[in-house]
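Given next are the chains, with one letter for each unit.
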Amino acid sequence: MSADLQAQVQQAIEQMVESGTERGVQVAVYQHGKPVVEAAAGVADPDTGRAVTPGTVFYNWSIGKAATATVVHVLVERGLFGYDTPVAELWPEFAAHGKGGVTVRHALNQTAGVPGIPLDSTIEDLCDWEKMCAAVADAEPWWEAGTKIGYHAYTFGYILGEVVRRVTGRPISRVLEEEVAGPLGVSGELYFGMPASEHGRLARLEDAPMPEGQAPEAEAFGEMPADLPLFRSAPMHAFPTAALGNRTDMLEADIPAGGKTSARAMARLYAALLDEVDGVRLISPQRLAEVTAPSASGPDQVFGMPTTWGLGYSVGFPMDPELDSPTLFGVGGVGGSFACGDTATGIAFTLTKNRLTNDMNAVGQVLPLVIKALS
């Protein structure tokens, strides 16, 4: 551990909590496979006063997509399928409505053309694996695979998760545990579906204070035009809020478009993509170079902004030009959490928090400290 950087990060997140900007925060940093920072501050559950510790698990929404992608890369590395394998070759029902040309690569780089779930989907439906996979298989594509890019908020997880299940015969949550979390020593801190018996270790999510009369989902997505395609990609009640993320059924369900994780577990995952961590390296250096290189870019057909994706990880940090770098790869989560790796510096970084804000301000305060100290 770096004592100076540890102290700087600890002070930064304690100030966030003391100022009332954040409720509970974790930060974990590795470099070249070694832990550098492990910091925690604030409260995991305001009702009981339970403190955040480095082992507290947070529902961090889309930062879990990196775990989904990593499982896929581990299986590709073993030769079970390839990036250019058609999804329908492994999952025949997915070919409906002309989707036979969609490949695993398209699913990973957000160009599959299936970004939406049915607008009549209930929360209970989201938690029903068979029902959601059947709906995604029967979906009509928004565009021909590979021709456009657009964020697949929920469908990323169902498509790739079902590919994993069809190939291995195991649900992706079990594959994550057996092939990634277990070998990395983070069992109990990295989940898709988290057993109800473990929910007492979770941080309780809360929505950041909002202007009077504004709905939580409006805070989550900020000021966006009403005709944005985002709003036909999922029903409004499925957009991330604290109430949704605290539901027992959502926490128990395999929804691998998001994950429940501690900062140190996710940082350790990125570290094991970049380097060897206590004897474990998840993928080869050659595969790392392939999956972190830009694979698709252009105007996002769901959100509207420019975007660039590798295979399962976004490339760069467009939210902050000073932090943006072509060697940075990772996935952020609604609410302001973020996890990434940097192939140039060997840094693996994760910040998790339980107050859902519509900005990346916490990351914007802490990540520069890390980059300055370790670059």
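Above this text sits the structure in question.
Residues numbered from 1 in each chain as written. Predicted model: local features only at pLDDT ≥ 70, side-chain atom pairs only at ≥ 80, totals over all residues. Heavy atoms only, no water.

S.K.: Hey, could you go over the pairing of strand 13 (residues 347-353) for me, with residue numbers and the actual values?
M.R.: For strand 13, the buried fraction is high: seven of the seven residues fall into the buried class. Along strand 13, one buried face is formed by Ile347, Phe349, Leu351 and Lys353 and the opposite face, lined by Ala348, Thr350 and Thr352, is buried too. Across seven bridges, the pairing between strand 1 (residues 24-31) and strand 13 is antiparallel. Bridge assignment links Tyr30 to a residue of strand 13, and that residue is Ala348. Strand direction decides the pairing type here: strand 12 (residues 337-342) and strand 13, joined by four bridges, are antiparallel. (Buried < 20%, exposed > 50% of the residue type's maximum accessible area, 1.4 Å probe, protein only. Helix = DSSP H or I, 4+ residues; strand = E, 2+ residues; numbered from the N terminus. Pairing = 2+ DSSP bridges.)

S.K.: Now, about the packing of helix 2 (residues 65-77) against helix 12 (residues 263-274): what can you tell me, with residues and values included?
M.R.: In contact at an axis separation of 11 Å, helix 2 and helix 12 are set at 35° when each is read in the N-to-C sense. The hand of the helix 2/helix 12 crossing is left-handed. Across from Ala66, Ala67 and Thr70 in helix 2, the residues of helix 12 making contact are Met266, Leu269, Tyr270 and Leu273. Of the residues contributing to the contact of helix 2 with helix 12, the split by class is six nonpolar, one polar and no charged. (Axes fitted to C-alpha atoms, helices over the stretch in contact; angles between N-to-C directions. Left-handed = near helix turned anticlockwise from the far one by under 90°. Contact = heavy atoms within 4.5 Å. Nonpolar A, V, L, I, M, F, W, Y, C, P; charged D, E, K, R; others polar.)

S.K.: Could you give an account of helix 12, naming the residues involved and the relevant values?
M.R.: Its twelve residues place the ends of helix 12 17 Å apart at the C-alpha level, agreeing with the 16 Å of an ideal helix rising 1.5 Å per residue. Most of helix 12 is tucked away, with eleven of its twelve residues classed as buried. Those residues of helix 12 not exposed but buried are Ala263, Ala265, Met266, Ala267, Arg268, Leu269, Tyr270, Ala271, Ala272, Leu273 and Leu274. (Expected span 1.5 Å × (residues − 1).)

S.K.: Could you give me a rundown of the side chain of Thr350, with the residues and numbers involved?
M.R.: Turning to its location among the elements, Thr350 is positioned in strand 13. A polar contact of 3.2 Å, which involves the side chain of Thr350, links it to the backbone nitrogen of Ala267. (Polar contact = N/O pair within 3.5 Å; in protein donor to acceptor, adjacent residues only side chain to side chain.)

S.K.: Any details on helix 6 (residues 129-137)? Residues and values, ideally.
M.R.: The periodicity of an α-helix, 3.6 residues per turn, causes residues three or four positions apart to be oriented the same way. Along helix 6, the positions that sit buried rather than exposed are Trp129, Met132, Cys133, Val136 and Ala137. Mapping the buried residues of helix 6 onto a view down its axis gives an arc of 135°, with all of them on the same face. The inward-facing, buried residues of helix 6 contact helix 5 (123-126) and helix 7 (155-168). (Arc of directions from axis to C-beta.)

S.K.: I'd like to hear about the packing of aromatic side chains, residue by residue, with values.
M.R.: Summed over all chains, the structure comprises ten aromatic pairs. Ring centres of Tyr270 and Tyr313 lie 6.3 Å apart, and the angle between their planes is 55°; on these two criteria the pair is classed as tilted. Of this pair, Tyr270 sits in helix 12 while Tyr313 is found in the loop between strand 9 (306-309) and strand 10 (314-315), placing the two residues 43 residues apart along the sequence. Each member of the pair Tyr270 and Tyr313 is classed as buried. A centroid spacing of 5.6 Å and a plane angle of 50° characterise the contact between Tyr270 and Phe329, whose relative ring orientation is tilted. Separated by 59 residues along the polypeptide, Tyr270 in helix 12 and Phe329 in strand 11 (residues 328-333) bring together distant segments of the chain. Of the residues examined, Tyr270 reaches a relative accessible area of 0% and is grouped as buried. (Phe/Tyr/Trp six-rings, centres within 6.5 Å; stacked < 30°, edge-to-face > 60°.)

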